[in-house]
Amino acid sequence: MQIIYTLVQNETYNRYVVDKYGEDTNLHPEIDMELLSQTVGGKKKGKMYGIGTIADSHVVMMGAQERSDNDEVERLKEKITELEQDKIEKHAMMEKIEEGTRLYAEMNEKIQMLSQNLPQNMPPT
């Protein structure tokens with residue numbers, strides 16, 4: 001009886017996969033957890049019962065992949081935070097450079113004005 005039930009689940013899962021991804025098996029994922037859950041009637045008390053051989057080792061692999069994905073997400077979040085901090089520091093540096101450039105231009109302008117107002121025939125010192 002269990003074998004027949006598992007065969008029916010396999011056929012049901014395969015039908016769901018074809019409906020969602022098309023006939024070309026190259027486009028089918030290793031396992032689609034959403035479709036697997038749908039095949040066995042969803043989760044009960046947070047667990048998926050009755051998957052039998054449909055998922056075989058894929059469920060274990062998917063769990064490991066999810067942990068790996070979570071680690072990657074955390075690594076990327078840290079990298080984003082680092083890059084945002086770097087951007088803030090570079091922005092502050094650019095503001096200082098712009099202020100220095102502005103002050104330099106003002107000083108040059110004042111020097112030009114002073115040099116134009118000096119008497120032409122001033123003895124050298």
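Keep in mind it's a predicted model, so treat the numbers as computed, not measured.

### Here we look at the nonpolar core
Piece 1. If you look at the biggest cluster of nonpolar residues, it comprises five residues: Tyr 13, Val 17, Ile 31, Leu 35 and Leu 36.
Piece 2. Taken together, the elements giving at least two residues each to this core come down to helix H1 (2-21) and helix H2 (33-39).

### Observations regarding the pattern of salt bridges
Piece 1. If you walk through the whole model with that rule in mind, you get six salt bridges.
Piece 2. Of the charged contacts in the structure, one is a salt bridge between Lys 79 and Glu 82, with a shortest N-O distance of 3.5 Å. With Lys 79 and Glu 82 both in helix H4 (residues 58-117) and three residues apart, the pair spans about one turn of that helix.
Piece 3. With a relative accessible area of 37%, Lys 79 lands in the partly exposed category.
Piece 4. In this structure, Glu 99 engages Arg 102 in a salt bridge whose closest nitrogen and oxygen atoms are separated by 2.4 Å. Separated by three residues within a single helix, Glu 99 and Arg 102 lie in helix H4, roughly one turn from each other.
Piece 5. Judged by relative accessible area, which is 36%, Glu 99 ranks as partly exposed.
Piece 6. The exposure class of Arg 102 is partly exposed, given its relative accessible area of 39%.
Piece 7. Members of the salt-bridge network, linked through shared partners, are Glu 99, Arg 102 and Glu 106.

### A short note on the confidence of the model for the protein chain
Piece 1. When pLDDT is averaged along the protein chain, the result is 76, and 65% of the positions lie at 70 or above.
Piece 2. Ranking the helices and strands of the protein chain by mean pLDDT puts H4 first, with 86, and helix H3 (residues 52-55) last, with 48.
Piece 3. Throughout residues 1-5 the model reports pLDDT below 50, and contacts reaching past four residues in sequence, or to other chains, amount to one contact.
Piece 4. Considering only residues more than four positions removed or in separate chains, one finds that residues 53-61, a stretch of pLDDT under 50, has 13 contacts.

Criteria and thresholds
Residue indices begin from 1 for each chain and proceed along its sequence in written order. Restriction of local features to residues with pLDDT of at least 70 applies here, the model being predicted, together with a cutoff of 80 or more for giving and counting side-chain atom pairs; totals for whole chains, interfaces and linings are based on all residues. Excluded from the side-chain calculation are hydrogens and water; included are all heavy atoms of the structure. Put simply, buried Ala, Val, Leu, Ile, Met, Phe, Trp, Tyr and Cys residues joined by side-chain atoms within 4.5 Å make one nonpolar core. Residue exposure (1.4 Å probe, protein chains only): buried if accessible area is under 20% of the type maximum, exposed if over 50%, otherwise partly exposed. Put simply, DSSP H or I for four residues or longer makes a helix, DSSP E for two residues or longer makes a strand, and each gets a number counted from the N terminus. Here, a salt bridge means any side-chain nitrogen of Lys or Arg that lies within 4 Å of a carboxyl oxygen of Asp or Glu. The pLDDT value tells you how sure the predictor is about a given residue, anywhere from 0 up to 100. Throughout, a residue-residue contact means that at least one pair of heavy atoms, one from each residue, lies within 4.5 Å.

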